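Close look at the chain arrangement
One-letter residues, chain by chain:
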Amino acid sequence: MTAPYSGTHIRLDIHPVHPNAVTAILTGPRHHAAHALLTTHGFEPTDQHTLVLARIDHEELYWANQAAQALAADGFTTEISSWLREAIDEEWTWTNYPMPWCTREEIREVSNEAQKLYDDIRHGRLVIHAHADDGQTTVAVGTYRDSGQSVHLHGENHLRQVTDTFDSPAQALDSFERLHGDTLRPGPAPMTGTERRAAEARTTLGTPASQPEPQTETVPAYAADPGDHDAILDQFLTDHGDWEKWRTFSDDTTHALHASQTLRIERVHEAHPRETAWTIAAYNTPVSERMWHLTATGATPAPVLNTLLDRLTEEDAWETAIGGPITEKSVTAATRPLTDAGWMHTVDGRWVRWENHQGDAGVQFDAFAAQNPNTTLATWTLWAGPGIDRPTWAIHASPCTPASLLAHLTEDLAHGTGTRQPSPGAQRLRAQFTTTRPSFTPAFPRTQPIPRR
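Residues numbered from 1 in each chain as written. Predicted model: local features only at pLDDT ≥ 70, side-chain atom pairs only at ≥ 80, totals over all residues. Heavy atoms only, no water.

1. As for the sheet that holds strand β2 (residues 22-27)
Using the following cut-off: Between any two strands, at least two bridges found by DSSP are needed for them to pair. Strands here mean DSSP runs of E at least two residues long; helices mean DSSP runs of H or I at least four residues long; both are numbered from the N terminus. Note on method: axes are straight lines fitted to C-alpha atoms, helices fitted across the in-contact stretch only, with angles between N-to-C directions ranging 0 to 180 degrees.
Pairing in this open sheet of 5 strands is mixed, and the strands run β3-β4-β2-β1-β5 from one edge to the other. Of all strands in the sheet, those with a lone pairing partner are β3 (44-47) and β5 (77-80), marking the two edges. Pairs of neighbouring strands in the sheet enclose a mean axial angle of 25°, with direction left out of account. Bridge count for β2 against strand β4 (residues 50-53) is 4 bridges, and the pairing is antiparallel. Bridge pairing in β4 links Thr23 to Val52.

2. Quick word on the pattern of salt bridges
Here is the rule we go by: Whenever Lys or Arg places a side-chain nitrogen within 4 Å of a carboxyl oxygen from Asp or Glu, that contact is recorded as a salt bridge. Only protein chains enter the accessibility calculation, which uses a 1.4 Å probe; a residue is then buried when its area is under 20% of its type maximum, exposed when over 50%, and partly exposed in between.
With the rule as written, the count across this model stands at 18 salt bridges. One salt bridge connects Glu59 with Arg108, and the closest N-O pair in it is separated by 3.4 Å. Of the two residues, Glu59 sits in the loop between β4 and α2 (60-73) while Arg108 sits in helix α4 (residues 104-122), which places them 49 residues apart along the sequence. The buried category is assigned to Glu59, whose relative accessible area is 2%. Across the pair Arg350 and Asp366 runs a salt bridge, and its minimum N-O distance is 2.8 Å. With Arg350 in the loop between β17 (344-348) and β18 (351-355) and Asp366 in strand β19 (residues 361-366), this pair connects stretches of sequence that are 16 residues apart. Residue Arg350 is classed as partly exposed on the basis of its relative accessible area of 30%.

3. Focus on the packing of helix α7 (residues 229-239) against helix α8 (residues 302-314)
Basically, it comes down to this: Roughly parallel refers to an angle under 35 degrees, roughly antiparallel to one over 145, roughly perpendicular to one between 65 and 115, and oblique to any angle outside these ranges. Note: crossing handedness is left-handed where the near helix turns anticlockwise from the far helix by less than a right angle, and right-handed where it turns clockwise. In this analysis, two residues are considered to be in contact whenever any of their non-hydrogen atoms come within 4.5 Å of each other. Following the grouping adopted for this structure description, the nonpolar residues are Ala, Val, Leu, Ile, Met, Phe, Trp, Tyr, Cys and Pro, the charged ones are Asp, Glu, Lys and Arg, and the polar ones are all others, Gly among them.
Running from N to C, α7 and α8 cross one another at 25°; their axes reach a closest spacing of 11 Å. Our classification of the angle between α7 and α8 gives roughly parallel. At the point where α7 passes α8, the crossing takes the right-handed sense. Residues His229, Ile232 and Phe236 of α7 form the contact with α8, whose own contacting residues are Ala302, Leu305, Asn306, Leu309 and Thr313. Along the lines of polarity and charge, the residues of the contact of α7 with α8 split into 5 nonpolar, 3 polar and no charged.

4. Describing α7
Convention followed: Arc, as used here, means the arc of the directions from the helix axis to the C-beta atoms.
Residues of α7 that are buried: His229, Ile232, Leu233, Phe236 and Leu237. Each buried residue of α7 sits inside an arc of 130° when the element is viewed along its axis, so together they form one side. For α7, the secondary structure elements touched by its buried residues are β12 (243-246), β13 (253-258), β14 (263-268), β15 (276-283), β16 (290-297) and α8.

5. Describing the sheet that holds strand β10 (residues 185-186)
The strands that make up a sheet pair up through hydrogen bonds in the backbone, lying either parallel or antiparallel. Strand order in the open sheet formed by 5 strands is β9-β8-β7-β6-β10, with antiparallel pairing between adjacent strands. Looking along the sheet, the strands with just one partner apiece sit at the ends: β9 (161-166) and β10. Across 5 bridges, strand β8 (residues 150-154) lies against β9 in antiparallel orientation. Across the sheet, residue Val151 finds its bridge partner in β9, namely Thr165.

6. Overview of the side chain of Arg353
Applied cut-off: Counted as a polar contact is a pair of N or O atoms within 3.5 Å, where, for protein atoms, one must be capable of donating a hydrogen and the other of accepting one, and residues adjacent in sequence contribute only when both atoms are in side chains.
Position of Arg353 relative to the elements: it lies in strand β18. A polar contact of 2.6 Å, which involves the side chain of Arg353, links it to the side chain of Gln364. Ignoring sequence-local partners within four residues, the contact set of Arg353 consists of Met344, His345, Thr346, Asp348, Val363 and Gln364.

7. So, the environment of Gly342
Among the structural elements, Gly342 can be located in the loop between α10 (328-340) and β17. For the pair Gly342 and Glu355, spaced 13 residues apart in sequence, the C-alpha to C-alpha distance is 9.1 Å.

8. Overview of unusual backbone geometry
Its identity is not glycine, yet Asn157 carries a phi of approximately 50°, on the positive side. Following the sequence through the fold, Asn157 ends up in the loop between β8 and β9. Judged by its relative accessible area of 13%, Asn157 is buried. Unlike most non-glycine residues, Gln261 shows phi in positive territory, near 60°. Take Gln261: it is sitting in the loop between β13 and β14. In this structure Gln261 comes out as buried when scored by relative accessible area, which is 14%.

9. Here's the deal with the packing of helix α1 (residues 31-40) against α2
The interhelical angle for the contact between α1 and α2, taken along N-to-C directions, is 145°, at an axis separation of 10 Å. Handedness of the α1/α2 crossing: right-handed. Contact residues: Ala34, Leu37 and Leu38 in α1; Ala67, Ala70 and Leu71 in α2. Classifying every residue of the contact of α1 with α2 gives 6 nonpolar, no polar and no charged.

10. A word on the environment of Tyr283
Position of Tyr283 relative to the elements: it lies in strand β15. A residue is classified by how much of its surface remains accessible, and Tyr283, at 0% relative accessible area, is buried. For the pair formed by Tyr283 and His293, sequence separation is 10 residues and the distance between their alpha carbons is 9.1 Å.

Without other data, these values stay purely geometric and don't point to any function.
Laid out in structure tokens, this is it:
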């Protein structure tokens, strides 16, 4: 049986001019049903194929995601752009929110009620008779056309609330004049900047000629873009003839093998940015137990990844594979670049941590894991992002990982640089990732020699 909306396609994306807003482009047959569903979630049409979600509470991402889920549940083919998906997956918080006792969900409820008031005023359902300044914010008085109920309003944008209700406009106006007669002005207040930008987003979809394209910026290596990891691996194999691909039955993963068969790379192509995408394993001999291993997540910056791969080739591969038991001397050697750069050093029970002064990058050493070579816990964690428990990217390493390799990585964190392309959502508040620390499960078990192609 053919799906009822087969061929109907909805693409959701960040607004090209106003990055807080979201656009929906409809194509295919029977798109009118999708059009109707989107309007129930706050989208407003600019034409029969295009809608825009622009709110005064800056919660477009949340409501766009709700709309996408509703569309999928009804059988529509819904595409979310990569930029929009990245922004949706982030959770942001209000800075200096005036009601700090509210949870994030309660803040969203308060904001949504303010959005409803804004929409009622904008669409003429709530007629504003007068407004005033109470010394801190804007207050207003108005009447609902359908019910005849009158209200007093307090606040602007996402903080506008109903503070009192009346049975008639006369009662509401009389009370309002007694309270705010000195600053009373007839009619609604002028639009706020937030209201004006929301209105512009609903009418302006073209990229303004005066707005330049975002420029690539130079940033610390730990904050650089990940780049194309598949291209990085391909270039690595092209440049180093003593490494070659190991053919597998799956196209989802590529294995690379050093000529000595003591160093192996596993690359998972479609891994989530914060899940393991790379595993490097080292062996004493091709048939021995693994000596050490290291994993990197999919969002690991390109300069850090290049440093990691380069260090597998610059020294004798067999010596790199051997590694050695962890000692106080090797910990000091691995972290000397951080100490020299003045990173903050703290001890918390079994964990020793080094963090930069911004708190957005760090290295952690787990003394317990270091003494238990068979544990799945990481001895070393290198990370960047909001925190070690919610990193943008992370590298995890086992006890015998060579100190020289770790030292080059920490040198990159402390002093390296890279480039980053600002995203359309860069104006948003600092993201708070809600991910959990990845498990550190070895990817390469004890193995037999791998046949060459």
